[in-house]
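Given next are the chains, with one letter for each unit.
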Amino acid sequence: DITIGDLCYRSYLAWESQHEVAVLSAEEPLVNEHDQYGGTHDFVAYVDGVLALLDLKTSNSIYEEHFMQVAAYGRTWNLHHPEQRIESYQILRLGIDKCEWYVVTPAELVQAEAGFLFLLRMPDIVAELKLLLGSGLKEVVRNENVSPVA
């Protein structure tokens, strides 16, 4: 029996046969102490001579969250390997019927990194807002029947 995993692996092999791939690192866990997050990238490799961070996906599509994940992995890789900075960020979706290879553009990378950092800081932002509002929320509740001034 052929499994979905087998079909996805065949998709990867078909992609790999069309490119020169030299793996530098695979499944390397890294931590960004400054920003307080960590993760394990799928692999960093020279793809057709360019140092690339590749994230493998077996989902039905490529989603916005995947871009943020790639940006986060690249940010941490570059922190730990400043002499080997990522030149290309790529998402490889391995489907049961085909393989999609997406190279993230610089503009997409900037937005993905900004989105990731925003979401990373969201709990702190909410906590700070709650502190700032403090008793102000009670004041709003007490005055809920007051008409706004035009």
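Right above here is the structure, for reference.
This one's a predicted model, so the numbers in the text were calculated from it and none came from an experiment. (Residues numbered from 1 in each chain as written. Predicted model: local features only at pLDDT ≥ 70, side-chain atom pairs only at ≥ 80, totals over all residues. Heavy atoms only, no water.)

With that out of the way, let us pick up helix 1 (residues 4–16). Between its first and last C-alpha atoms helix 1 spans 18 Å; for 13 residues at 1.5 Å apiece the expected length is 18 Å, and the two agree. Every buried residue belonging to helix 1 is among Cys8, Ser11, Tyr12 and Trp15, and all of these are buried. Buried residues of helix 1, seen end-on, are gathered within an arc of 100 degrees and therefore sit on one face of the element. In this fold, the buried residues of helix 1 make contact with strand 1 (21–26), strand 4 (43–47), strand 5 (50–57), strand 6 (88–94) and strand 7 (99–103). (Helix = DSSP H or I, 4+ residues; strand = E, 2+ residues; numbered from the N terminus. Expected span 1.5 Å × (residues − 1). Buried < 20%, exposed > 50% of the residue type's maximum accessible area, 1.4 Å probe, protein only. Arc of directions from axis to C-beta. Contact = heavy atoms within 4.5 Å.)

As summarised here, the arrangement of the five strands in space is 1-4-5-6-7, forming an open sheet in which the pairing is mixed. Either end of the sheet is taken by a strand with one partner, and the two such strands are strand 1 and strand 7. Averaged over neighbouring strand pairs, the angle between their axes works out to 30 degrees when direction is ignored. In the sheet, strand 1 pairs with strand 4 via five bridges, with the strands oriented antiparallel. Residue Ala22 lies in a different strand from strand 4, and its bridge partner there is Tyr46. (Pairing = 2+ DSSP bridges. Axes fitted to C-alpha atoms, helices over the stretch in contact; angles between N-to-C directions.)

We now examine the pattern of salt bridges. According to the stated counting rule, one finds five salt bridges in the structure shown. Note that Asp55 is salt-bridged to Lys57, the shortest N-O span being 3.0 Å. Assessed through its relative accessible area of 12%, Lys57 is described here as buried. Among the ionic pairs, Arg75 bridges to Glu113, the shortest N-O distance being 2.5 Å. Residue Arg75 is found in helix 2 (residues 64–80), and its partner Glu113 is found in helix 3 (residues 106–133); the two are separated by 38 residues along the sequence. (Salt bridge = Lys/Arg side-chain N within 4 Å of Asp/Glu carboxyl O.)

The subject of this paragraph is the packing of aromatic side chains. In total, this model carries five aromatic pairs according to the counting rule given. Relative to Trp101, the ring of Trp15 lies with its centre 5.8 Å away and its plane at 65 degrees, an arrangement referred to as edge-to-face. With Trp15 in helix 1 and Trp101 in strand 7, the pair connects residues that are 86 residues apart, well separated along the chain. A residue is classified by how much of its surface remains accessible, and Trp15, at 5% relative accessible area, is buried. Looking at Trp101, the relative accessible area reads 34%, which means it is partly exposed. Between Tyr37 and Phe116, the ring centres sit 4.8 Å apart and the planes meet at 75 degrees, which makes this aromatic pair edge-to-face. Linking Tyr37 in strand 3 (residues 37–40) with Phe116 in helix 3, this pair joins segments that are 79 residues apart in sequence. In textbook terms, an aromatic cluster arises when at least three aromatic residues are bridged by ring pairs, as seen for Tyr12, Trp15, Phe43 and Trp101. (Phe/Tyr/Trp six-rings, centres within 6.5 Å; stacked < 30°, edge-to-face > 60°.)

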